[in-house]
Amino acid sequence: MAVLEDKATEAQKMAVIANAGMAIKVIKPEQSAEDCVAEARESIESGKALAGWKKLVS
């Protein structure tokens, strides 16, 4: 939650972004790993990931 709420350390954020990027790669194998990581970063930094999480648990 700290990463989604932008309260995590940079190392924590990078670990979550890397893992999320590889999860995206699994569902989008045609996309490069770099693009998948960029997509994960954008989702977290824009707040989309947090909004999605809140929607999922509500």
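Structure report, in brief. (Residues numbered from 1 in each chain as written. Predicted model: local features only at pLDDT ≥ 70, side-chain atom pairs only at ≥ 80, totals over all residues. Heavy atoms only, no water.)

**Description of a nonpolar patch on the surface**
Piece 1. Among the surface-exposed residues, M1, W53, L56 and V57 lie close enough to one another that they form a single nonpolar patch of about 430 Å² accessible area.
Piece 2. Looking at the secondary structure, you find W53 in helix α3 (residues 48-57).
Piece 3. Owing to a relative accessible area of 38%, W53 belongs among the partly exposed residues under this scheme. (Patch = residues over 30% accessible without salt bridge, like charges linked within 9 Å, V, L, I, M, F, W, Y side chains within 5 Å. Areas by Shrake-Rupley, 256 points an atom, 1.4 Å probe, with all protein chains shown as cover. Salt bridge = Lys/Arg side-chain N within 4 Å of Asp/Glu carboxyl O. Helix = DSSP H or I, 4+ residues; strand = E, 2+ residues; numbered from the N terminus. Buried < 20%, exposed > 50% of the residue type's maximum accessible area, 1.4 Å probe, protein only.)

**What to know about helix α1 (residues 10-27)**
Piece 1. Compared with the 26 Å implied by 1.5 Å per residue over 18 residues, the 26 Å span of α1 between its first and last C-alpha is a close match.
Piece 2. Looking at α1, one finds that the buried residues are K13, I17, G21 and I24. Down the axis of α1, the sector holding all buried residues measures 70 degrees, keeping them to one side. Along α1, exposed side chains directed more than 90 degrees from the buried face belong to A11, N19 and V26.
Piece 3. Of the surrounding elements, those touching the buried residues of α1 are α2 (33-46). (Expected span 1.5 Å × (residues − 1). Arc of directions from axis to C-beta. Contact = heavy atoms within 4.5 Å.)

**Topic: the pattern of salt bridges**
Piece 1. Taken as a whole and judged by the stated rule, the model has 5 salt bridges.
Piece 2. Between E39 and K28 there is a salt bridge, with the nearest N and O atoms lying 3.0 Å from each other. Placement of E39 in helix α2 and of K28 in the loop between α1 and α2 is noted, with a sequence separation of 11 residues between them.
Piece 3. Under the relative-accessibility criterion, E39 is labelled partly exposed at 29%.
Piece 4. A salt bridge links K48 to E42; the nearest nitrogen and oxygen atoms lie 3.4 Å apart.
Piece 5. A relative accessible area of 52% means that K48 is categorised as exposed.

**Observations concerning the packing of α1 against α2**
Piece 1. Between α1 and α2, the shortest axis-to-axis distance is 8 Å and the interhelical angle comes to 125 degrees. By the angle between their directions, the pair α1 and α2 is classed as oblique. For the pair α1 and α2, the sense of crossing is right-handed. Of the residues in α2, those touching α1 at K13, M14, V16, I17, A20, G21, M22, I24 and K25 are A33, C36, V37, E39, A40, R41, I44 and E45.
Piece 2. Counted by class, the contact of α1 with α2 contains 11 nonpolar, 1 polar and 5 charged residues. (Axes fitted to C-alpha atoms, helices over the stretch in contact; angles between N-to-C directions. Parallel < 35°, antiparallel > 145°, perpendicular 65-115°, else oblique. Left-handed = near helix turned anticlockwise from the far one by under 90°. Nonpolar A, V, L, I, M, F, W, Y, C, P; charged D, E, K, R; others polar.)

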